[in-house]
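What follows is the residue order along each chain.
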Amino acid sequence: MPFRPDLLLALLPVAPLLLALVAAGMTLVLRRFAGVLLAVLPAAMFAYLATLVERVAGGEIILVHLDWIVSYGIGLDLRLDGLSLVFAMTISGIGAVVLIYAGGYLRGHPDLGRLLALLLGFTGAMLGLVLADNLVLLFVFWEATSVFSFLLIGFDRGRQAARRAAVQALLVTGIGGLALLLGAVLLAAMTGTWRVSDLLAGGSLGGTAGYLPALLLVLLAAFTKSAQVPFHFWLPNAMEAPTPVSAFLHSATMVQAGIYLLARLSPVLGGTEAWTGALVAVGGVTLLWGAVAALRQTDLKLMLAQTTIASLGLLVLMLGLGSDAAVSAAMLYFVGHALYKAALFMVVGAIDHATGTRELGALSGLARRMPLSFLAAAGAALSMLGLPLTLGYFGKEELYLALGGSGLELAALIVAVLGNGVLGGIALAIAIRPFLGPIVQTPKRAHEAGLSLLLGPLVLAAAGIGAAVLIGWFGMMAIAPAASAVAGRAVASHLSLVPDFGSLALWLSLLTWGVAAATFARLDQLRTLLRRVQGAVRFTFDAAFDRAMFGLIRLAGAVTRFIHHGRLELYVVTVFGLLALALFVPMLSYRALPPWPLLPQLRFYEWGIFALAAAGLVALLLARTRLGAIVALGVQGLAVALVYLVFGAPDLAFTQLVVEVLAVVILTLVMTRLALDRRDPREIEDLLRDGTLAVLCGVGLTAALLLVLSHPLDPRLAEFFTAHSVPEAHGRNIVNVIIVDFRGLDTLGEISVVLAAGIAVLALLRRSKPAAMPVLPTTVRKPRRRPPIVLVPALSVPDLKAQAAHPVEAKLRPDGSGA
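Residues numbered from 1 in each chain as written. Predicted model: local features only at pLDDT ≥ 70, side-chain atom pairs only at ≥ 80, totals over all residues. Heavy atoms only, no water.

**Considerations on the overall build of the protein chain**
(1) Moving on: Along the backbone of the protein chain there are 34 helices and two strands.
(2) Moving on: In terms of overall dimensions, the protein chain has a C-alpha envelope of 110 × 60 × 60 Å along the principal axes.
(3) Moving on: Counting all 819 residues of the protein chain, 47% fall into the buried class.
(4) Moving on: Of the roughly 39600 Å² of accessible surface on the protein chain, 71% is carried by carbon and sulfur atoms. (Helix = DSSP H or I, 4+ residues; strand = E, 2+ residues; numbered from the N terminus. Buried < 20%, exposed > 50% of the residue type's maximum accessible area, 1.4 Å probe, protein only. Areas by Shrake-Rupley, 256 points an atom, 1.4 Å probe, with all protein chains shown as cover.)

**Points about the side chain of Asn 134**
(1) Moving on: Topologically, Asn 134 is positioned in the loop between helix H6 (112-131) and helix H7 (135-153).
(2) Moving on: Within the structure, Asn 134 has its side chain in polar contact with the backbone nitrogen of Val 136 (distance 2.8 Å).
(3) Moving on: Once residues within four sequence positions are removed from consideration, Asn 134 is found in contact with Ile 74, Gly 75, Asp 77, Trp 194, Arg 195 and Val 196. (Polar contact = N/O pair within 3.5 Å; in protein donor to acceptor, adjacent residues only side chain to side chain. Contact = heavy atoms within 4.5 Å.)

**Considering the pattern of salt bridges**
(1) Moving on: Inspection of every chain in the model, using the stated rule, returns 24 salt bridges.
(2) Moving on: We note a salt bridge from Glu 606 to Arg 603, for which the minimum N-O separation is 3.8 Å.
(3) Moving on: The exposure class assigned to Arg 603 is exposed, which follows from its relative accessible area of 52%.
(4) Moving on: Each of Glu 569, Asp 686, Arg 689 and Asp 690 takes part in a single network of salt bridges with overlapping partners. (Salt bridge = Lys/Arg side-chain N within 4 Å of Asp/Glu carboxyl O.)

**Thoughts on unusual backbone geometry**
(1) Moving on: The peptide bond linking Val 229 to Pro 230 adopts the cis configuration, its omega dihedral lying at 10°.
(2) Moving on: With respect to the secondary-structure elements, Pro 230 resides in the loop between helix H10 (211-225) and helix H11 (234-237).
(3) Moving on: You will see that Leu 389, though not glycine, has its phi angle at about 65°, which is positive.
(4) Moving on: The topology assignment puts Leu 389 in the loop between helix H18 (371-385) and helix H19 (391-402).
(5) Moving on: Overall, Leu 389 belongs to the partly exposed group, its relative accessible area being 44%.

**Digging into the layout of surface pockets**
(1) Moving on: A volume near 580 Å³ is recorded for the second largest pocket.
(2) Moving on: Contributing elements (two or more residues each) for the lining of the second largest pocket: helix H3 (40-50), helix H5 (82-105), helix H17 (324-355), helix H21 (451-469) and helix H22 (471-487). (1 Å grid on protein atoms, 1.4 Å probe; cavity = no way out; pocket = protein on both sides within 12 Å on 5 of 7 lines; lining within 4 Å. Points joined across faces, edges and corners; volume = space filled by probe spheres on them.)

**Observations concerning the pairing of strand E1 (residues 62-69)**
Consecutive residues of a regular strand have side chains that alternate between opposite faces of the sheet.
(1) Moving on: Across seven bridges, E1 lies against strand E2 (residues 74-80) in antiparallel orientation. Pairing of Asp 67 across the sheet is with Gly 75, part of E2.
(2) Moving on: Once E1 ends, the chain turns through four residues before running back antiparallel as E2, passing Gly 73 with a positive phi of about 70°. (Pairing = 2+ DSSP bridges.)

**A look at the packing of helix H26 (residues 568-589) against helix H30 (residues 684-709)**
A packed helix pair is summarised by two numbers, namely the angle formed by the two axes and the spacing between the axes.
(1) Moving on: Look at H26 against H30: their axes get within 9 Å of each other, and the N-to-C directions meet at 40°. Crossing geometry of H26 relative to H30 is assigned as left-handed. Contacts from Glu 569, Val 573, Phe 576, Gly 577, Leu 579, Ala 580, Leu 583, Phe 584 and Met 587 of H26 reach H30 at Asp 686, Arg 689, Asp 690, Leu 693, Leu 696, Cys 697, Val 699, Gly 700, Leu 701, Ala 703, Ala 704 and Leu 707.
(2) Moving on: The class makeup of the residues in the contact of H26 with H30 is 15 nonpolar, two polar and four charged. (Axes fitted to C-alpha atoms, helices over the stretch in contact; angles between N-to-C directions. Left-handed = near helix turned anticlockwise from the far one by under 90°. Nonpolar A, V, L, I, M, F, W, Y, C, P; charged D, E, K, R; others polar.)

**Things to note about a nonpolar patch on the surface**
(1) Moving on: A grouping of Leu 389, Ile 465, Val 469, Leu 470, Trp 473, Met 476 and Leu 497 is seen on the molecular surface, where their side chains present a nonpolar patch of about 670 Å² in accessible area.
(2) Moving on: The topology assignment puts Ile 465 in helix H21.
(3) Moving on: Since its relative accessible area comes to 32%, Ile 465 is described here as partly exposed. (Patch = residues over 30% accessible without salt bridge, like charges linked within 9 Å, V, L, I, M, F, W, Y side chains within 5 Å.)

**Things to note about H17**
(1) Moving on: Over its 32 residues, H17 runs 46 Å from end to end, which matches the ideal 46 Å to within 8%, given 1.5 Å per residue.
(2) Moving on: Taking burial as the measure, the 32 residues of H17 include 30 buried ones, the bulk of the element.
(3) Moving on: Positive phi appears at Gly 356, one or two residues downstream of H17, with a value of about 85°. (Expected span 1.5 Å × (residues − 1).)

**Here we look at the side chain of Glu 398**
(1) Moving on: Among the secondary structure elements, Glu 398 is positioned in helix H19.
(2) Moving on: The contacts of Glu 398, once residues within four sequence positions are left out, are Ala 325, Ser 328, Ala 329, Leu 332, His 494 and Leu 495.

**Things to note about the nonpolar core**
(1) Moving on: Counting residues in hydrophobic clusters, the biggest one holds 207 residues, and the most contacted among them are Leu 9 and Leu 49.
(2) Moving on: Considering every element that reaches this core, the biggest residue donor is H17, with 23 residues.
(3) Moving on: Apart from the residues lying within four places of it in its own chain, the contact partners of Leu 49 are Leu 9, Leu 12, Leu 80, Leu 85, Ala 88, Met 89 and Ser 92. (Core = buried A, V, L, I, M, F, W, Y, C linked by side-chain atoms within 4.5 Å.)

**Observations concerning the environment of Arg 368**
(1) Moving on: Relative to the helices and strands, Arg 368 is located in the loop between H17 and H18.
(2) Moving on: Residue Arg 368 is classed as exposed on the basis of its relative accessible area of 63%.
(3) Moving on: Separated by 67 residues in the primary sequence, Arg 368 and Phe 435 place their C-alpha atoms 7.7 Å from one another.
(4) Moving on: If near-sequence neighbours (up to four positions away) are discounted, Arg 368 is found in contact with Gly 437 and Ile 439.

**Remarks on the confidence of the model for the protein chain**
(1) Moving on: Predicted confidence across the protein chain gives a mean pLDDT of 86, with 91% of residues reaching 70 or more.
(2) Moving on: Overall, residues 771-784 carries pLDDT values under 50, and its contacts beyond four positions in sequence, including any with other chains, amount to nine contacts.
(3) Moving on: Overall, residues 786-819 carries pLDDT values under 50, and its contacts beyond four positions in sequence, including any with other chains, amount to 57 contacts. (pLDDT = per-residue confidence, 0-100.)

**A short note on the packing of aromatic side chains**
(1) Moving on: With the rule as written, the count across this model stands at 13 aromatic pairs.
(2) Moving on: For the ring pair Tyr 101 and Tyr 105, a centre distance of 5.7 Å and an interplane angle of 20° mean the geometry is stacked. Note that Tyr 101 and Tyr 105 are positioned in helix H5 at a spacing of four residues, about one turn of the helix.
(3) Moving on: A relative accessible area of 0% means that Tyr 101 is categorised as buried.
(4) Moving on: Ring pairs connect the aromatic residues Phe 87, Tyr 260 and Phe 334, which therefore count as one cluster. (Phe/Tyr/Trp six-rings, centres within 6.5 Å; stacked < 30°, edge-to-face > 60°.)

**Notes on the packing of helix H15 (residues 273-296) against helix H24 (residues 523-537)**
(1) Moving on: Interaxial distance between H15 and H24 falls to 7 Å at its minimum, and their mutual angle equals 105°. For the element pair H15 / H24, the angle class is roughly perpendicular. For the pair H15 and H24, the contacting residues are Val 292, Leu 295 and Arg 296 in the first and Leu 523, Leu 526, Arg 527, Leu 530, Arg 531 and Gln 534 in the second.
(2) Moving on: Each residue belonging to the contact of H15 with H24 can be placed in one class, and the counts come to five nonpolar, one polar and three charged. (Parallel < 35°, antiparallel > 145°, perpendicular 65-115°, else oblique.)

**Side note on empty space enclosed by the protein**
(1) Moving on: Counting across every chain of the model gives three cavities of 30 Å³ or more.
(2) Moving on: Roughly 80 Å³ of volume is contained in the largest cavity.
(3) Moving on: Forming the boundary of the largest cavity are Tyr 333, Tyr 340, Ser 383, Met 384, Leu 385, Gly 386, Gly 392, Lys 396, Asn 420, Leu 423, Gly 424 and Thr 512.
(4) Moving on: Residue assignment for the lining of the largest cavity shows that the elements contributing at least two residues are H17, H18, H19 and helix H20 (408-432).
(5) Moving on: Partitioned by chemical class, the residues of the lining of the largest cavity number five nonpolar, six polar and one charged.
(6) Moving on: Contributing to the lining of the second largest cavity are Ser 328, Glu 398, Gly 475, Ile 479, Ala 480, Ala 492, Ser 493, His 494 and Leu 495.
(7) Moving on: It is H22 that contributes the most residues to the lining of the second largest cavity, three residues altogether.

**A few points about the environment of His 565**
(1) Moving on: Tracing the backbone through its elements, the reader meets His 565 in the loop between helix H25 (541-563) and H26.
(2) Moving on: A distance of 3.0 Å separates a polar atom in the side chain of His 565 from the backbone nitrogen of Arg 567.

**With respect to helix H16 (residues 300-321)**
(1) Moving on: Taking 1.5 Å per residue, 22 residues should reach 32 Å; H16 reaches 32 Å between its end C-alpha atoms and fits that length.
(2) Moving on: Counting buried positions along H16 yields 22 of 22 residues, so the element is predominantly enclosed.
(3) Moving on: Two to three positions downstream of the cap, the backbone nitrogen of Lys 301 sits 2.9 Å from a side-chain oxygen, assigning the N-cap of H16 to Asp 299.
(4) Moving on: Backbone geometry just downstream of H16 places Gly 322 in the positive-phi region, at approximately 80°.

Set out below in structure tokens:
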């Protein structure tokens with residue numbers, strides 16, 4: 001097979017996952033250089049993707065197909081177009097500098113290798129997600145990102161807060177994953193294909209049957225992943241993760257997965273009132289909510305987390321508008337946000353590393369001792385503020401160009417200006433408050449961070465400014481192809497470094513900067529006011545999540561106590577009662593009762609077998625002791641074995657006979673612990689109930705068998721086994737071949753069930769020796785009701801009461817406010 005350069009695309013998701021398997025071992029050998037050397041792989045992937053920019057900008061779509069589940073038309077399909085190229089280059093580029101940063105941030109940490117391995121694994125999962133051209137493959141990588149995120153957020157597994165945040169993120173995004181799976185199945189059922197390329201070629205599904213459920217499921221998946229209100233609360237708690245994780249996952253990768261999903265399926269689900277209304281409304285609310293929440297925080301990392309929520313809301317709002325300018329603005333803002341937010345997270349980590357605190361009020365004058373960190377923070381904050389010569393400026397300008405109409409667009413414009421202004425004020429606070437002003441004492445004497453901690457933020461801040469300087473080329477080679485993939489039509493780039501002084505967007509930018517300056521000037525007063533409001537409301541989504549989870553645990557306990565009550569007698573009654581319903585309800589509903597069978601012409605010994613079975617039945621019913629009942633039950637099994645033998649199935653007869661003998665022996669051994677010579681007294685109502693169920697189940701099974709026999713025999717299955725037993729299973733005994741080969745796993749499961757039941761019985765017998773039952777005097781006419789056998793559940797009622805007395809409390813932030 002000749003080498004195809006495009007097949008290298010298939011290695012992009014796989015290579016980081018393979019390297020992750022050996023990353024921990026390499027870290028033990030490479031030590032302080034581990035992060036740098038492991039970063040070579042994502043850097044090489046970035047360079048490879050850069051060689052494809054010209055082809056993709058020319059309109060080419062690179063497709064790779066490898067067979068996977070052929071019978072269902074599911075393949076390992078990858079697609080590289082303008083949208084996936086921008087995301088893949090952002091992931092690999094930022095992933096490379098984050099690995100270098102992590103190597104310096106956790107230098108000497110015993111679990112550094114584990115962190116690097118998880119970061120590499122997450123990189124591979126994200127690349128697979130954005131390159132997937134198949135809904136099933138997309139779902140697999142989507143869930144992989146959730147699993148890696150869970151492991152990364154809970155990296156410091158010794159702290160309860162980290163474990164709680166990891167579980168919370170996994171649960172919230174896991175709900176979205178299930179929604180994505182259902183949505184993918186529904187889309188495939190509607191269109192007849194699993195391939196994303198075929199979905200995009202088919203155009204919008206708006207107005208078709210099933211569109212609204214599919215839209216709601218996809219939106220639920222995207223909103224949970226990208227922390228949209230009301231699913232946003234997991235993201236601030238995820239700041240329990242180490243700073244390298246926050247810089248990667250919560251700026252350019254995991255939280256952007258939902259944005260990618262919306263952008264990718266925009267040609268399929270977009271362009272409708274439901275799409276526009278839902279995205280603009282949720283995005284606008286999330287933008288304002290995140291911006292306001294950022295004002296309440298004093299922890300620099302939490303401030304960035306809340307601004308990330310706001311920025312994600314702004315991206316959702318842009319995608320909801322769907323115009324060429326709005327889509328171009330979304331792509332510009334995505335790249336700009338990834339660059340400046342990752343840089344700011346790294347700077348905050350360097351500050352924490354150097355001073356021992358992230359509290360805004362405890363930091364000042366760091367520019368004198370950390371000048372390079374200040375330079376990186378200033379460059380990134382300028383882009384966040386949206387000043388000229390930064391990517392943030394052009395993203396904001398494009399957004400304002402897309403708005404300005406009436407109705408929904410006017411409301412979106414007001415929200416965007418206010419939200420961008422507040423985010424700009426936060427950017428000024430992060431860049432100015434810690435670095436300018438008098439030097440204050442910190443827990444650790446401030447010092448400039450090392451090269452590994454400075455390289456990432458400096459490179460990313462410079463990249464944001466460099467891309468803005470080359471905005472004409474950048475817009476034509478990257479933004480226009482990405483916007484065209486999202487819009488489903490060709491979108492031309494009109495980006496220019498020369499500002500249009502007559503444009504409304506420029507005046508809106510001036511207004512945004514004014515709001516940012518006012519926010520920065522009144523930041524302390526706004527924080528105090530917002531905390532008073534929060535204290536009066538006394539509601540947080542984080543606390544509501546805790547209450548919901550505790551309620552779920554209590555509900556599970558109640559259901560467990562109701563269903564698994566431990567009374568074996570009621571278990572048996574329930575099983576046979578449902579069996580009777582399952583037998584009679586369909587036959588009566590469809591009036592499909594079988595005809596009365598003709599009396600068979602049997603030989604005398606065949607009548608003798610049935611007489612033996614009848615005698616065993618009578619003996620079972622009249623048995624006065626448990627031992628007599630067991631023996632009578634064995635007579636029934638012997639009669640069945642004789643039926644098999646007479647009608648030409650000696651192997652089945654032998655199997656039945658062996659099983660019956662073993663059953664009698666085992667039952668006898670077990671029942672020796674329960675006094676076999678004693679009667680098993682039951683009250684008359686128990687006898688009537690059990691007898692009725694027995695008759696109903698017996699009659700129902702007989703009727704079902706007669707109904708089956710009344711129809712002509714379909715020989716296809718028998719012909720299949722006859723034709724394939726020898727050539728495929730190399731066995732001439734068809735019954736044995738069916739049991740051992742064709743139904744081998746089923747047989748193994750049955751054996752496993754019997755083995756597990758035997759072990760459980762043995763454990764119960766060894767656990768305790770019950771006292772012998774008292775001998776009832778013969779003069780007692782009405783026996784006492786025997787106490788039921790009760791199995792104690794794993795979660796007892798006292799345990800549940802103890803849990804109810806101490807519910808899970810919402811974790812508070814250092815400033816005393818909820819998450």
